[in-house]
Amino acid sequence: MIISQFNTFFYHQGSMIGYNALSNEFIILELELFELYQAAISEKKISELNDIHPGFYKHIKDKGFIINKNTDEIQSVKKLVASIDQNDKIYELIINPTMNCNFKCWYCYETHIKDSKMSSSIIENVILFIKSILENNNLKQFHLSWFGGEPLLYYDKTILPILEKIYPLIKLKGIEFSSNFTTNGLLVNQKILTDCNLFGVNHFQITLDGHRERHNKVRFVNKERGSYDEIINNIKLILKNKINVTVRLNISEETLNGKITEIIKDFSDLTSQQRKLLIFSFHKVWQEEKNIENEMSKIIDEFKINKLSTQTIDEVDHVRNSCYADKKNQATINYNGEVFKCTARDFKSENKEGILQDNGSILWNEKYYHRMNAKFKNQPCIECKILPICNGSCSQLAIESKNEEYCIHDFDEDKKTMVVKNIFLNALN
């Protein structure tokens, strides 16, 4: 027997906490047991633990901390990744009805294209494509996201016609369906929400850039008209219609200095049932260079104290909850019929990975195939103790780091241990 590559240990409240990233299991050890474990490792006498303490030996073996010396753990990780990214029981489709937007936020990476919208022929091709997806007999779940641009700009002309066509087919086949909007929230109204409940739309993601004053400096219709109060009212309207909302809070140094915790008061009138439908997701804007993590942590604690659910991007397991763009059964169809995978980069034509055909199929190009084979090429990842939960983050980063060794944790073992510790602490909470 040998020790697993994927073990991490750290001290917590008088005990040693162990984590195996492949089995995704924690163990809590008294210090004497950990010393016994360390001694067996240093003397390369792991199997002798079975004679000294058979119960402990069985426990760490069952949890994956010690393995047969012939076990290929990297191959096991590859199989785990394939089981998730190649899963044909789930399809995730993202549609950009437009690349235009009624806001122009300073940090937005997208180019707003005025009058960009889906033609009637593209809409028909999208419907044909979805019908082809539904013909997969293995399909159990279909998830449809509306992105952009501001998708609600073309709700009546693009979104509703597609939902009206496909939803009855999905129900007829007994496929589990979910759908969500990524929207600035300004155009939400009761008519749209009534349709959402009719056609299976069950989630909205809406962004706030701080409290009222700060938000209105970033997200406004014009210099005289901000958007904060209208968006807050629309979020509450969504919740009253029993639809889930993720409020994405974009955090920068300016946001932190802008009374961000005052947002808590604006949601103090929610019922307990409405609070269950709401989560605040904290994201540091990518242009922010200052280390603001400690300040963010304090603010998150304030939200939790006031019984508002929170999450951060660091809580994600990049393997078991891999990025949508890593998955074979996923596509992002732009308003003009060009097809992409990642939505976190711009939608320039030269970056497209496929084209939606008139018969409803997608003709993928070499960029797509390069993406789908991008993982497990980075040697520092192959040698890493948290490979089974990190794997270099996503295929997009792997593509952009081609021929370069990289680590999203700066090759810092302490940072990797902190990732594991945060997973443990979040599980306790």
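What counts and how
Residues numbered from 1 in each chain as written. Predicted model: local features only at pLDDT ≥ 70, side-chain atom pairs only at ≥ 80, totals over all residues. Heavy atoms only, no water. Buried < 20%, exposed > 50% of the residue type's maximum accessible area, 1.4 Å probe, protein only. Helix = DSSP H or I, 4+ residues; strand = E, 2+ residues; numbered from the N terminus. Arc of directions from axis to C-beta. Contact = heavy atoms within 4.5 Å. Core = buried A, V, L, I, M, F, W, Y, C linked by side-chain atoms within 4.5 Å. Axes fitted to C-alpha atoms, helices over the stretch in contact; angles between N-to-C directions. Parallel < 35°, antiparallel > 145°, perpendicular 65-115°, else oblique. Left-handed = near helix turned anticlockwise from the far one by under 90°. Nonpolar A, V, L, I, M, F, W, Y, C, P; charged D, E, K, R; others polar.

**Student:** What exactly am I supposed to notice about helix α3 (residues 54-62) here?
**Tutor:** Residues spaced three or four apart along an α-helix point in a common direction, a consequence of the helix completing one turn every 3.6 residues. Phe-56, Tyr-57 and Ile-60 are the residues of α3 that are buried. All buried residues of α3 fall inside an arc of 100° around its axis, so they share one side. Projecting away from the buried face of α3 at angles above 90 degrees are the exposed residues Lys-58 and Asp-62. Each element contacted by the buried residues of α3 is listed here: β4 (25-29), α1 (31-42), α2 (49-52) and β5 (66-67). Following α3 by one or two positions, Gly-64 adopts a phi angle in the positive range, close to 90°.

**Student:** Explain the nonpolar core to me, please; I cannot follow it from the model alone.
**Tutor:** Most often, soluble globular proteins have nonpolar side chains that are buried together. Among the nonpolar cores identified, the biggest contains 79 residues, and Leu-93, Phe-142, Phe-204, Leu-278 and Phe-280 are the most heavily contacted of them. Those residues in contact with Leu-278 that sit more than four places away from it in its chain are Ile-235, Leu-239, Val-245, Val-247, Phe-267, Leu-270, Leu-308 and Ser-309. Formed by 20 residues, the second largest nonpolar core is a distinct cluster that contains Phe-10, Val-319, Ile-386 and Leu-387.

**Student:** For this particular structure, what's the right way to read the packing of helix α5 (residues 120-134) against helix α6 (residues 155-173)?
**Tutor:** The angle between the axes and the distance between the axes are what describe a pair of packed helices. α6 packs onto α5 with a crossing angle of 20° between their chain directions and a minimal axis gap of 10 Å. Here α5 lies roughly parallel to α6, going by the angle between them. Considering only the axes of α5 and α6, their crossing is right-handed. Where α5 abuts α6, its residues Ile-123, Val-126, Ile-127, Ile-130, Lys-131 and Leu-134 lie against Lys-157, Thr-158, Pro-161, Ile-162, Lys-165, Ile-166, Leu-169, Ile-170 and Lys-173. The residue inventory of the contact of α5 with α6, partitioned by class, reads 10 nonpolar, 1 polar and 4 charged.

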